[in-house]
Amino acid sequence: MKSGYRRAAILAAGLLSMCAGAGAHAAGTVVKALPTGVVVKYAGGTLDLDLVRANVLRVHFLPYGHATPPALVISPRAPRAAATRVTIHQQGDQVVLQSERMRVIFNRRAGTLSVYRPGASASVLTQHGLRLLGRDTLAVGFRPRNAALYGVHGFNSFQSARSGMLRMGRQFATAGWEGDAGAPLVWSTSGFALLVDSQKTLFDLGHGFIKVLHETRPDLDYYLILGNPSRIFSTLDVLTGHAPMFPKWSFGFINSQWGINQGELLRIVHQYRKLHIPINAFALDFDWKAWGQNNYGEFRWNTKKFPAGPSGKLGRELAAEGIHLIGIMKPRIFLDTVEGRYCTQHHLFLPGEKPSLDYWAHKPTKTLDFEKAATRKFFFNATLRHSFASGIVGWWNDEADETGNDRQFFNMERALYDGQRKYFPKQRVWSLNRNFWLGAQRYAYGLWSGDIKSGFKSMAAQRQRMLSAIDVGEMWWGMDGGGFSGHPSGQNYARWLEFDAFAPITRVHGSYLQRRQPWLYGQTAARAATHALDLRYRLFPYIYSLAWNEHRTGIGLVRPLYFLWPHDPHVRNDYSAWMFGPSLLVSPVVGRNQRVKNLYLPPGTWTNFFTGKLYHGNQVITLALDHKTFADIPLFVRQGAIIPMQPLMEYIGQHPVTQATVEVFPAKRATHFDYYDDDGETYAYEHGDYFVQRLGAQARGPTVSLTVGAVRGTYKPALRRYLFVVHQVEARTVSIDGHLLHPAAKRAALAGCRSACWARGHNEAGPLTFVDLTAGRPYRVSIETVSRAGSGDPN
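Residues numbered from 1 in each chain as written. Predicted model: local features only at pLDDT ≥ 70, side-chain atom pairs only at ≥ 80, totals over all residues. Heavy atoms only, no water.

Q: What is the right way to look at the overall build of the chain in this model?
A: Looking only at helices and strands, the chain features 13 helices and 48 strands. Scaling as 2.2 N^0.38, a compact globule of 795 residues should have a C-alpha radius of gyration of about 28 Å, and the chain matches this with 28 Å. Each principal axis of the C-alpha distribution contributes one length, and for the chain these read about 85 × 75 × 50 Å. Sequence separation of 24 or more characterises 69% of the internal contacts of the chain that already satisfy a separation of 6 or more. Accessible area for the chain stands at about 28900 Å²; split by element, carbon and sulfur atoms hold 53% of it. (Helix = DSSP H or I, 4+ residues; strand = E, 2+ residues; numbered from the N terminus. Rg over C-alpha atoms; globule rule 2.2 N^0.38 Å. Contact = heavy atoms within 4.5 Å. Areas by Shrake-Rupley, 256 points an atom, 1.4 Å probe, with all protein chains shown as cover.)

As structure tokens, this is what we get:
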């Protein structure tokens, strides 16, 4: 027993003797000590109060001591007790649980619960009537009463998203359909969250209170969480499960198409390469499979449209061009087939469902019941395994949101994830799905926003859809770039791809026979779209490092502004801009023929990524827009940024990255960035086969410091050099680990550097200092400056 647990047990044992004989169950009697909490007995059941993390109190009411199975939200690996020291003691009728991040006071006689930050005199959360929890009653009060509330749900493709990000009144948590996302979760930038382990959940949200009006388990089970937004989401990640790493190729551009054959696919890919437009994957709709045919047509290649599919020849030819294939998957099976009869015989269909005609093949089908383990095992059958082995290496799961069951999509992808990890354990899983329920991220689960329309209005509304999905824990979100239904104008397409490049998943798609290749929308649009994609590919080391961070912490690549500035009233309901990682603020142009954009920059100093112009934050700035070429993206660098970049490639992995260019914008506060790499394909990273090196920067008076930390992990990347580009800094001298270095005459001379070198330079925005270092070893660099532009930086 750990020392913290031992002390908690000793103190709780004392409570047992003090509370024994209290008699009145209405007052609550402490009957059992937990390692980090207590069990209280009431007339209607028992109440577990347990600090399962330093900042998390789990409250579980068990009517008559009986528990029901968890609702899939909570990970099977979620902690059952805090790893830090917890003390438990009594003050009269009050039982106090204390950790380093939370103090809980439970009044067993009054049946009240109060949650405090350590050392605070005012509670953050309060709860009355704990002895009534068996009556499906849950109400939590909070301070301040005007706290902004987020979470619960997203928006489906047909809903108005005008309400934005804030949640108030009656709010229904459900996975929904057509791009919706949901979680039994309410959280606030004021520093608290409530997570209920339930399925469909009805909340009533008001000023100063959160009520749960309906949930799906008789033994009410919920978690009270304290912390800023980053801590809340890192805590959710621990409770609901880490998202595994996606394969490297999936962070590139994905072209989806419905209505295609092998010949057209190869012509399209060759045109991408001829025009030097980056692309990594192609997603195939109904066309790839023998849909409606006997002998597992739902799971095998259509040999008329893709004759080289089953042999793997097509997959190999595309792989040589850097292209990975994604195949659409449906949750239904044709009845008059071998597989249909098998599913009927083994009761794998949804109970009570009547047959219906498939809208594409016009033959009777029924829907699989993915709640059943036998169904999930059947789904990753030998035929599908052959399709995977011959080239379909990503899953595009569709239409499992039509049953009304929040777990259907969740379990459909669970079937594919478990199957692939069993039969192809060395290849990472990637999937795209049409709804999301918290916990599904454990199964390599991406979300897209459904069958949206073309046009600027629809494009603009994707901002709320993306950020609201992130607010309920789905960090990997994408959309049908260009719109599913309709045909975008060249301007709409160009602006959409600029948005798409700064979404977690970058993808285009259209309805049947709609094509979304950039060159089909005119030269001006194609240039603007290619410019945006080029930038995403150059930013790949930054993006991939942040994907690793999301895997570890649950904090995604895209972050609403209120994640980083939770107390700034200007960003409380702002979805016009977001952070792309910790360093870049982007605000895509979403208006037709828009000539001017007003943009709020949060506190700090910001640099226009393209022009180098400096701006002070905490104000609205006005930007002139290029309404003729559509080539400008409002993109700003936060002071303190450390942004690793790579040379431009036409697909991720086209060439080994032997040098990373690290753009540094030093601030008075110390900042750091963990550069990450691994093999990009396997799960070896789960066993320590990765490369992590922390890069740091700070500006103090006339001195700018750069640090490169020791390497963690066993992976040996191709990376050999870091070229630090320190912006707004003109160096007088540079020393490495205390040794003064002689400058190179110019930047080009650094190409032959074998150890550590530096040079001066300029761009249109001012002075630069270049420092070239060997990757994979630690350094301490001190730059004594002649001058530092923007030295008034308040950061």
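Q: Please explain the sheet that holds strand β29 (residues 506-508) as it appears in this structure.
A: Reading across from one edge, β28-β27-β25-β24-β20-β19-β18-β29 is the order of the 8 strands in this open sheet, with parallel pairing throughout. Bordering the open sheet on either side are β28 (477-478) and β29, each of which pairs with just one other strand. Here strand β25 (residues 431-433) pairs with strand β27 (residues 446-448) via 2 bridges, running parallel. Looking at the pairing, N433 lines up with L447 of β27. Against the sheet, helix α10 (residues 490-500) contacts β18 (253-257) and β29, and its axis sits at roughly 150° relative to β29. (Pairing = 2+ DSSP bridges. Axes fitted to C-alpha atoms, helices over the stretch in contact; angles between N-to-C directions.)

Q: Quick question: what am I supposed to make of the environment of A765 here?
A: Position of A765 among the secondary structure elements: in the loop between β46 (756-763) and β47 (766-774). Separated by 155 residues in the primary sequence, A765 and F610 have C-alpha atoms spaced 9.7 Å apart. Those residues within four positions of A765 in sequence are excluded, and the remaining contacts are T611 and G612.

Q: I keep staring at the pattern of salt bridges and nothing clicks. Help me out?
A: Any two side chains of opposite charge can pair if their charged atoms end up close together. For the structure on display, the rule yields 32 salt bridges. Taking the shortest distance from any N to any O, the salt bridge between D632 and R495 comes out at 3.0 Å. With D632 in the loop between β36 (619-624) and β37 (635-638) and R495 in helix α10, this residue pair connects regions lying 137 residues apart in the sequence. Ionic contacts of the salt-bridge type, sharing partners, join the residues E178, K330, R332, D358, D398, E399, D401, E402, R434 and D451 into one network. (Salt bridge = Lys/Arg side-chain N within 4 Å of Asp/Glu carboxyl O.)

Q: Sorry if this is basic, but what is going on with the pairing of strand β3 (residues 45-53) here?
A: Consecutive residues of a regular strand have side chains that alternate between opposite faces of the sheet. The element β3 is largely enclosed, with a buried count of 7 among its 9 residues. With 6 bridges joining them, strand β2 (residues 37-42) and β3 adopt antiparallel strand pairing. Residue pairing across strands places V40 opposite L47, the latter belonging to β3. Here β2 hands over to β3 after 2 residues, the two strands then running antiparallel side by side. Pairing between β3 and strand β4 (residues 56-63): 8 bridges, direction antiparallel. (Buried < 20%, exposed > 50% of the residue type's maximum accessible area, 1.4 Å probe, protein only.)

Q: Looking at this model, I keep getting lost on the state of the cysteines. Mind explaining?
A: Two cysteines, two sulfur atoms, one covalent bond between them: this is a disulfide. Scanning all chains against the criterion turns up 1 disulfide. In this model C753 forms its disulfide with C757; the gap between the sulfur atoms is 2.1 Å. Linking C753 and C757, the disulfide has an S-S dihedral of approximately 95° and is accordingly described as right-handed. Using a relative accessible area of 9% as the deciding quantity, one classes C753 as buried. (Disulfide = S-S within 2.5 Å.)

Q: What exactly am I supposed to notice about the side chain of E550 here?
A: The residue E550 is located in helix α12 (residues 540-553) in this model. Buried and unpaired, E550 has no salt bridge, with R559 as the nearest side chain of opposite charge at 9.6 Å. Other than its neighbours up to four places away in sequence, E550 contacts D237, A243, M475, W476, I555 and G556. (Lys, Arg positive; Asp, Glu negative; His and termini not counted.)

Q: Could you clarify how one ought to interpret unusual backbone geometry in this entry?
A: With the exception of glycine, most residues fall at negative phi, and the peptide bonds are largely trans. Omega for the peptide link from R143 to P144 comes to -5°, which places this bond in the cis form. Among the structural elements, P144 can be located in the loop between β10 (138-142) and β11 (149-153). At V152, a position not held by glycine, the phi torsion is positive, near 70°. Structurally, the position occupied by V152 is in strand β11. Of note, E399 is a non-glycine position whose phi angle comes to about 70°, a positive value. Tracing the sequence through the fold places E399 in the loop between β24 (392-397) and α8 (407-423).

Q: What exactly am I supposed to notice about the sheet that holds β37 here?
A: Think of a sheet as strands paired side by side through backbone hydrogen bonds, with each pair either parallel or antiparallel. The strand order β30-β31-β32-β37-β34-β35 describes an open sheet built from 6 strands, whose pairing is antiparallel. Across the chains shown, the open sheet's two edge strands, defined by having one partner strand only, are β30 (558-560) and β35 (614-616). Strand-to-strand twist in this sheet, taken as the mean axis angle between neighbours without regard to direction, amounts to 35°. Of the pairings in the sheet, the one linking strand β32 (residues 584-586) to β37 comprises 3 bridges and is antiparallel in character. Residue pairing in the sheet places L585 in a bridge with F636 of β37.

Q: Hey, could you run me through the packing of helix α2 (residues 229-240) against α12 in this one?
A: The description of two helices packed together rests on the angle between their axes and the distance between the axes. In the contact formed by α2 and α12, the axes pass within 8 Å of each other and the chain directions differ by 65°. The orientation of α2 with respect to α12, classified from their angle, is roughly perpendicular. Contacts from F233, S234 and D237 of α2 reach α12 at E550, H551, R552 and T553. When its residues are assigned to classes, the contact of α2 with α12 shows 1 nonpolar, 3 polar and 3 charged. (Parallel < 35°, antiparallel > 145°, perpendicular 65-115°, else oblique. Nonpolar A, V, L, I, M, F, W, Y, C, P; charged D, E, K, R; others polar.)

Q: Just checking my understanding: could you explain the confidence of the model for the chain for this structure?
A: A residue-level look at the chain finds 95% of positions with pLDDT of 70 or above and a mean pLDDT of 93. Note that pLDDT drops below 50 for residues 1-25; the model gives that stretch 42 contacts with residues more than four away or on any other chain. (pLDDT = per-residue confidence, 0-100.)

Q: Before we go on, may I ask you to explain helix α5 (residues 338-345) in this structure?
A: In an α-helix, one turn spans 3.6 residues, which is why side chains three or four residues apart end up on the same side. When we look at burial in α5, the residues that qualify are E339, G340 and C343. Down the axis, α5 shows its buried residues gathered within 100° of arc, on one side only. Turning to α5, the residues buried within the fold contact β21 (332-334) and α6 (373-379). H347 sits one or two residues past α5 and shows a positive phi near 60°. (Arc of directions from axis to C-beta.)

Q: Can you help me understand the packing of aromatic side chains in this one?
A: Tallied over the full model, the rule gives 58 aromatic pairs. Clustering of aromatic rings is evident, with ring pairs tying together F246, W249, F251, W430, W476, F540, Y544, W548, Y676 and Y690. Stacked on the ring of Y683, the Lys or Arg R421 has its end atom at 3.4 Å from the ring centre. Taking NZ or CZ as reference, R507 lies 5.1 Å from the ring centre of W396, over its face. (Phe/Tyr/Trp six-rings, centres within 6.5 Å; stacked < 30°, edge-to-face > 60°. Lys NZ or Arg CZ within 6 Å of the ring centre and 35° of its normal.)

Q: Just to check I follow, could you spell out the packing of helix α11 (residues 523-538) against α12 for this structure?
A: Packing of α11 against α12 leaves a shortest axis separation of 5 Å and a crossing angle of 60°. When the interaxial angle is binned, α11 and α12 end up oblique. Residue-level inspection shows R536, Y537 and R538 of α11 in contact with α12, the latter providing F540, P541 and I543. Across the contact of α11 with α12, the residue classes tally to 4 nonpolar, no polar and 2 charged.

Q: What is the right way to look at α11 in this model?
A: Under the 1.5 Å per step criterion, the end-to-end length of α11 is 22 Å for 16 residues, consistent within 8% with the ideal 22 Å. Turning to α11, its buried residues are A525, A526, A528, A529, T530, A532, L533, D534, L535, R536 and Y537. (Expected span 1.5 Å × (residues − 1).)

Q: Would you mind going over the environment of N381 with me for this structure?
A: Within the fold, N381 resides in the loop between α6 and α7 (382-389). Along the chain, N381 and S256 lie 125 residues apart, while their C-alpha atoms are 25 Å from each other. Within the local environment of N381, its side chain forms a polar contact with the backbone oxygen of F378, the two atoms lying 3.1 Å apart. (Polar contact = N/O pair within 3.5 Å; in protein donor to acceptor, adjacent residues only side chain to side chain.)

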